[in-house]
Amino acid sequence: QVQLVESGGGLVQPGGSLRLSCAASRSIASINIMRWYRQAPGKQRDFVAGINSAGFTHYADAVKGRFTISRDNAKNTVYLQLNSLKPEDAAVYYCNAPTPQWEAWGQGTQVTVSS
């Protein structure tokens, strides 16, 4: 398995940017898919973005063109760049590593978008 630790959340004004990081406890080179999810209060946890080992990316419609997922296998880290933030982007953001044998989640990092 792997332990995942998210960081980079905070308070930002509408239109602002943040970069979230997901640091893994070991190499992620062998983990094909890494994903980000988010959960707002009272709502279900929703998919935000995914990236595979070849670098192909996939985004939820709500964030296309504003968020960018990337991975640095040498640093065992996955990133999520959040641009043009909207109040509706406010949520706890979670990193996820799904594999056929196990699935890992981080503890989440809070993103607040408010003026």
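Our subject in this report is the structure included herewith. (Residues numbered from 1 in each chain as written. Predicted model: local features only at pLDDT ≥ 70, side-chain atom pairs only at ≥ 80, totals over all residues. Heavy atoms only, no water.)

Looking only at helices and strands, one finds zero helices and 11 strands in the chain. In the chain, the order of α-helices and β-strands from amino to carboxyl end is β-β-β-β-β-β-β-β-β-β-β. In terms of C-alpha radius of gyration, the chain reaches 13 Å, essentially the compact-globule figure of 13 Å for 115 residues. Partitioning the contacts of the chain with sequence separation of at least 6, the portion at a separation of at least 24 is 54%. (Helix = DSSP H or I, 4+ residues; strand = E, 2+ residues; numbered from the N terminus. Rg over C-alpha atoms; globule rule 2.2 N^0.38 Å. Contact = heavy atoms within 4.5 Å.)

Scanning all chains against the criterion turns up one disulfide. The disulfide bridge from Cys22 ends at Cys95, spanning 2.1 Å between sulfur atoms. The disulfide joining Cys22 to Cys95 has a torsion of about -80° about its S-S bond and is therefore left-handed. Placement of the pair is Cys22 in strand S3 (residues 18-24) and Cys95 in strand S9 (residues 91-98), with a sequence separation of 73 residues. Residue Cys22 is classed as buried on the basis of its relative accessible area of 1%. (Disulfide = S-S within 2.5 Å. Buried < 20%, exposed > 50% of the residue type's maximum accessible area, 1.4 Å probe, protein only.)

Structural measurements only, silent on function.
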